[in-house]
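Secondary and tertiary structure notes
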Amino acid sequence: MKTVVITGANRGIGLGFTSSYLKEGWCVIALTRNGLNADFLEGLNDEKKRNLLEVNVELESELSIQNSAKKVVGLCKHIDLFINNAGVSIDQPFGAWTQEAFIKSYQVNAVAPALLIQALQYHFNENSKIIQLTSGLASIDTAINPLGPFDAYGMSKAALNMLTRRVAKKFESQKITVCALSPGWVSTDMGGDEAPVSVDQVVPLLTQTIEQLSVAQSGGFFDEQGKEIPW
Ligand SMILES: NC(=O)c1ccc[n+]([C@@H]2O[C@H](COP(=O)([O-])OP(=O)(O)OC[C@H]3O[C@@H](n4cnc5c(N)ncnc54)[C@H](OP(=O)(O)O)[C@@H]3O)[C@@H](O)[C@H]2O)c1
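Below you will find a few notes about this structure. Each chain carries its own residue numbering, running from 1 in the direction its sequence is written. Local features are withheld for residues below a pLDDT of 70 in this predicted model, meaning they are given only at 70 or higher, and side-chain atom pairs are given and counted only at 80 or more; totals for whole chains, interfaces and linings count all residues. Computation of side-chain values: all heavy atoms of the structure, hydrogens and water removed.

Here, nonpolar core means buried Ala, Val, Leu, Ile, Met, Phe, Trp, Tyr and Cys residues that are tied together by side-chain atoms lying within 4.5 Å of each other. For every residue, the accessible area obtained with a 1.4 Å probe (protein chains only) is divided by the maximum for its type, and the residue is called buried under 20%, exposed over 50%, and partly exposed between those limits. Grouped together as the largest cluster of nonpolar side chains are 30 residues, with contacts concentrated most on Val72 and Phe82. By the criteria applied, helices consist of DSSP H or I runs no shorter than four residues and strands consist of E runs no shorter than two, each listed in order from the N terminus. It is helix H5 (residues 99-120) that contributes the most residues to this core, 6 residues altogether. It only takes one pair of heavy atoms within 4.5 Å for two residues to be counted as in contact. Ignoring anything within four residues of it in the chain, the contact list for Phe82 reads Val5, Thr7, Leu116, Ile117, Leu120, Phe124, Lys129, Ile130 and Ile131. Membership of the second largest hydrophobic core comes to 28 residues, among which are Leu22, Leu36, Ile83 and Leu133.

Below is the structure:
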């Protein structure tokens, strides 16, 4: 049985991934701050309940990250897929920027994925994949909506993209694929109600793209359909 580790597994796109990989018969290790919601758990059949393992993590805390990584490696022999999905978007317009928002964005969106990858590094195999949920707002070339309030977010996701490229090189000899994947604008708590695409619509595209990504594309930055995004 294949194992996937997903951060931010309790809502939005992370919950969509959790549901989808359970349906496909994977063992899912769900990293959340406060556990998965009771309604979701009640809706699972016995097999899916057995295949779902929960680990708590607060991604702003290095100690919590270390503890959760220890629990993860105690639960599985190896990790086939690690999805750094959790993220935070603190929207502040220029003029209202705060140090706190920049630091929190950087901690959750870039530092936590780095520390988790480091802590889990010996539990990936040849052909394992590490997927970082990034954003089109991380693209320096396209600099989407520079007048909008997404500065801390875009900067932190650009850092996540750099992490992706650097870690891909570190894992190159082990043939581990490390890619940054942007889901597009999706209707979640973060994306808001006006987003044109639902979690149910985007998750099949993302999982298909993850399946198709190969080590030849490691270090790349892609959209939900697997098309390269300019850096
Ligand atoms: N939705 C979009 O339009 C969009 C577009 C581009 C990229 N993305 C990226 O896609 C990923 C998923 O987004 P989403 O829309 O599903 O977001 P979401 O609905 O806001 O969910 C965010 C998830 O991250 C978790 N999280 C945030 N801070 C955390 C912390 N300090 N410790 C542990 N967990 C934490 C949340 O846990 P709690 O429930 O405990 O808060 C939640 O599970 C993110 O990386 C996001 O940046 C989303």
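In this section: the pairing of strand E1 (residues 3-7). In terms of burial, E1 is largely enclosed, as 5 of its 5 residues are buried. Residue alternation in E1 divides its side chains into two sets, Thr3, Val5 and Thr7 and Val4 and Ile6, and both sets are buried. In this sheet, strand E2 (residues 27-32) lies alongside E1 in parallel orientation, the contact comprising 5 bridges. Across the sheet, Ile6 pairs through a bridge with Ala30, a residue of E2. The definition of a right-handed crossover adopted here requires that, viewed with the strands pointing away, the path from the first strand over the helix to the second runs clockwise. With respect to chirality, the unit in which E1 leads through helix H1 (residues 12-23) into the neighbouring parallel E2 is right-handed. Two strands form a pair only when DSSP identifies at least two bridges running between them. Sheet topology note: the E1/strand E4 (residues 79-84) ladder contains 3 bridges and is parallel. Across the sheet, Val4 pairs through a bridge with Leu81, a residue of E4.

On to the site of the ligand. One heavy atom suffices: a residue is near a molecule or strand as soon as one of its heavy atoms comes within 4 Å of it. Not every one of the 27 residues close to the ligand is listed here, only the nearest: Asn10, Arg11, Asn85, Tyr153 and Thr188. In the environment of the ligand, an oxygen atom lies 3.3 Å from a nitrogen or oxygen atom belonging to the backbone of Gly87. Within the contact set of the ligand, an oxygen atom lies 2.5 Å away from a side-chain nitrogen or oxygen of Tyr153. Here the open area of atoms and residues is found with the Shrake-Rupley method and a 1.4 Å probe, where only the protein chains shown may cover a residue. Here the ligand has 900 Å² of accessible area as a free molecule, and 93% of this is covered by the chains. At the level of elements, H1 and helix H6 (151-170) are the ones that each hand at least two residues to the shell around the ligand. Among the residues making up the shell around the ligand, the classes are represented as 11 nonpolar, 10 polar and 6 charged. Each polar contact in these results corresponds to two N or O atoms within 3.5 Å; when the atoms are within protein, one needs to be able to donate a hydrogen and the other to accept it, and residues that are neighboring in sequence are counted only if both atoms are side-chain atoms. Residues are grouped as follows: Ala, Val, Leu, Ile, Met, Phe, Trp, Tyr, Cys and Pro are nonpolar; Asp, Glu, Lys and Arg are charged; every other residue, Gly included, is polar.

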